[in-house]
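Residue-level structural notes
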Amino acid sequence: MAIAAWRLAQRWCPSYLQVISFPVVQLHMNRAAMTASQKDFENAMNQVKLLKKDPGNEVKLKLYALYKQATEGPCNMPKPGVFDLINKAKWDAWNTLGSLPKETARQNYVDLVSSLSSSLESSSQVEPGTDRKSTGYETLMVTSEGGITKITLNRPAKKNAINVEMYHEIMRALKAASKDDSSITVLTGNGDYYSSGNDLTNFTDIPPGGVEEKAKNSAILLREFVGCFIDFPKPLIAVVNGPAVGISVTILGLFDVVYASDRATFHTPFSHLGQSPEGCSSYTFLKIMGPAKATEMLVFGKKLTAGEACAQGLVTAVFPDSTFQKEVWTRLKAFAKLPPNAMRISKEVIRNREKEKLHAVNAEECSVLQERWLSDECMNAVVNFLSRKSKL
Ligand SMILES: CCCCCCCCCCC/C=C/C(=O)SCCNC(=O)CCNC(=O)[C@H](O)C(C)(C)COP(=O)(O)OP(=O)(O)OC[C@H]1O[C@@H](n2cnc3c(N)ncnc32)[C@H](O)[C@@H]1OP(=O)(O)O
């Protein structure tokens, strides 16, 4: 069925996608620049033709969408009718990339092909010093190259909402990054969003022990998740490629540097959701921007532009979206060349005296939230969102 569907889809595909099933070869790409060149892109297109295994329809749709975005820009086709399932799936995949810049789409295409290729190679085939991709993640892309481990939130169709699996995978990726040979770690998002925060469907999977048990387990998960950011030993940089919501904003206070595209916005609609601040923001935001500005964000849900977030100290620097990736990665590559031990020790000196306090704040925020999740205000807000989206 899936293969038949894909064959049908090929009629609407660029020719390079029509030949996906040949023996794999080692990927050789120019990784000198973290923004892919036209040559990298062409190499990746050739590489797709050489994949040994069919990567599945979901991945092919992603490849298709990124290819179209990279070559033609935002989706410009009329939306196919509801019964035209194949073309509708492709249109949706492309359209979901929104106004993602062509260069970013090109880079994401190259990264995706590269991760597909490396997932089919045995680790012994990876030469020391070459680009390493970690496979085994469903919701992330993780690469390690040139002293930089890059963790990319990878649920673009859901605006990189963080479901339970992604919470666990981010923790796993951070733990691995803290021990690998990279000097700095970067968190970013794939697609037009950085992240839309907690996946609100996390509220729907209620165990036999009921909503109380769910709230208790969620508080434990959240505390462990935020704890990983508090304890992360290397410089941690957020590359905020687009809008950020909820927990993806609050934990920025635990990052060492935050670079944002001028397309990014910062929104913590906790009161609207009947919830309360987490990610240590009840402490870090007050220190960063003072109590009044922190209250506007965390209590009244004021959405900040990237410029405003920078003026308030939450964001380190803002770049025009058209040059964002290029400018940011040029800086990051330079940082990654600095002596790693010196950077780790300097971070320790800067952050260590706050750690105990941050863990205490984290514990308190989680315990308050555990109660909030059981409130009518919270339940109603979540039901509203999910029913608006026909998820109930
Ligand atoms: C009993 C207790 C259990 C609790 C478990 C919790 C565990 C830890 C919790 C930690 C606390 C964290 C708090 C937060 O992060 S609060 C912030 C939560 N996020 C939101 O409120 C954002 C909700 N989303 C939106 O408002 C819009 O989707 C958005 C503005 C982000 C984008 O709007 P747009 O119109 O451009 O796009 P769509 O709405 O069509 O979105 C595309 C698809 O993505 C899905 N989506 C997007 N965001 C989320 C999300 N946060 N959760 C779930 N799904 C999301 C959306 O539904 C669309 O899906 P479909 O295409 O399938 O319809």
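Residues numbered from 1 in each chain as written. Predicted model: local features only at pLDDT ≥ 70, side-chain atom pairs only at ≥ 80, totals over all residues. Heavy atoms only, no water.

**A closer look at the overall build of the protein chain**
The test is simple: Only runs of H or I of at least four residues qualify as helices and only runs of E of at least two qualify as strands under DSSP, and these elements are numbered from the N terminus. When accessible area is computed with a 1.4 Å probe and restricted to protein chains, residues below 20% of their type maximum are described as buried, those above 50% as exposed, and intermediate ones as partly exposed. When checking whether two residues touch, look at their non-hydrogen atoms; a contact exists if any pair is within 4.5 Å. Using the Shrake-Rupley algorithm and a 1.4 Å probe, accessible areas are obtained, with residue cover drawn only from the displayed protein chains.
On a plain count of helices and strands, the protein chain comes out with 14 helices and 10 strands. Going through the 392 residues of the protein chain one by one, you find that 52% of them count as buried. Once local pairs closer than 6 in sequence are excluded, the contacts in the protein chain between residues at least 24 apart make up 75%. A total of about 17,900 Å² of accessible surface is found on the protein chain, and carbon and sulfur atoms cover 56% of it.

**Brief notes about empty space enclosed by the protein**
Rule in force here: Think of a 1 Å grid over just the protein atoms. A cavity is a set of points where a 1.4 Å probe fits yet cannot get out, a pocket is an open set with protein on both sides within 12 Å along at least five of seven lines, and lining residues have an atom within 4 Å of a point. Grid points are joined across faces, edges and corners, and a volume is the space filled by probe spheres set on the points.
For the structure shown, the criterion picks out 4 cavities of 30 Å³ or more. For the largest cavity, the calculated volume is near 80 Å³. T104, Q107, N108, K150, T152, T188, G189, V239, N241, Q325 and W329 together form the lining of the largest cavity. Here the lining of the largest cavity takes 3 residues from helix α5 (residues 102–119), the largest share from any one element.

**Some remarks on the packing of helix α7 (residues 210–231) against helix α13 (residues 340–372)**
We count it as follows: Every axis in this analysis is a line fitted to C-alpha atoms, fitted for helices over the stretch in contact. Angles between the N-to-C directions lie between 0 and 180 degrees. Each angle receives one of four descriptions, namely roughly parallel if under 35 degrees, roughly antiparallel if over 145, roughly perpendicular if within 65 to 115, and oblique otherwise. Put simply, a crossing is left-handed when the front helix is turned counterclockwise from the back one by less than a right angle, and right-handed when it is turned clockwise. Ten residue types, Ala, Val, Leu, Ile, Met, Phe, Trp, Tyr, Cys and Pro, are classed as nonpolar, four, Asp, Glu, Lys and Arg, as charged, and the remainder, Gly among them, as polar.
At their nearest, the axes of α7 and α13 sit 9 Å apart, and the two run at 160 degrees to each other. Relative to α13, the element α7 lies roughly antiparallel. Seen along the crossing, α7 lies across α13 with a hand that is right-handed. Judged by residue contacts, A215, K216, A219, L222, R223, V226, G227, I230 and D231 of α7 engage K355, L358, H359, N362, A363, C366, L369 and Q370 from α13. Class assignment of the residues belonging to the contact of α7 with α13 gives a composition of 9 nonpolar, 4 polar and 4 charged.

**Overview of the nonpolar core**
Short version of the rule: The definition of a nonpolar core used throughout is a set of buried Ala, Val, Leu, Ile, Met, Phe, Trp, Tyr and Cys residues joined through side-chain atoms within 4.5 Å.
If you look at the biggest cluster of nonpolar residues, it comprises 62 residues, and the most contacted ones within it are F229, V240, F255 and F266. If one sorts the elements of this core by residue count, α7 sits on top with 9 residues. The contacts of F229, once residues within four sequence positions are left out, are I170, L174, L187, L236, I251, L254 and F255. Y64, L66, W91 and A105 belong to the second largest nonpolar core, which has 25 residues in total.

**Some words on the packing of aromatic side chains**
Which entries qualify depends on this criterion: Note on aromatic contacts: the rings of Phe and Tyr and the six-membered ring of Trp form a pair at centre separations within 6.5 Å, being stacked when their planes are under 30 degrees apart, edge-to-face when over 60 apart, and tilted otherwise. Charge-over-ring contacts are defined here by two conditions on Lys NZ or Arg CZ: a distance within 6 Å of the ring centre and an angle within 35 degrees of the ring normal.
For the structure on display, the rule yields 7 aromatic pairs. Where F41 meets Y67, the ring centres are 6.2 Å apart and the plane angle is 20 degrees; that geometry is what we call stacked. Residue F41 is found in helix α2 (residues 38–49), and its partner Y67 is found in helix α3 (residues 57–72); the two are separated by 26 residues along the sequence. We note that F41, like Y67, is buried. Here F229 and F255 contribute two aromatic rings whose centre-to-centre distance is 5.6 Å and whose plane-to-plane angle is 35 degrees, an arrangement assigned as tilted. With F229 in helix α7 and F255 in the loop between α8 (247–250) and β7 (257–261), this residue pair connects regions lying 26 residues apart in the sequence. Here F229 falls in the buried class, since its relative accessible area comes to 2%. A residue is classified by how much of its surface remains accessible, and F255, at 3% relative accessible area, is buried. Positioned above the aromatic ring of Y64 is the side chain of K90, whose terminal nitrogen or guanidinium carbon lies 4.8 Å from the ring centre. One Lys or Arg, R331, reaches over the ring of Y259 and ends 6.0 Å from the middle of that ring.

**Quick look at the domain arrangement of the protein chain**
The line we're drawing: An automatic or database domain assignment is the source of the domain bounds shown. Summed over both partners, buried area is the accessible surface (1.4 Å probe) that two parts give up on being assembled.
Annotation of the protein chain at the domain level lists domain 1 (38–117) and domain 2 (140–390). Distance from the C-alpha centre of domain 1 to the C-alpha centre of domain 2: 27 Å. Contacts between domain 1 and domain 2 engage 12 residues on the former and 13 residues on the latter. Of all residues in domain 1, the largest losses of buried area upon contact with domain 2 belong to K62, T96 and D111, amounting jointly to 35% of the total for that side.

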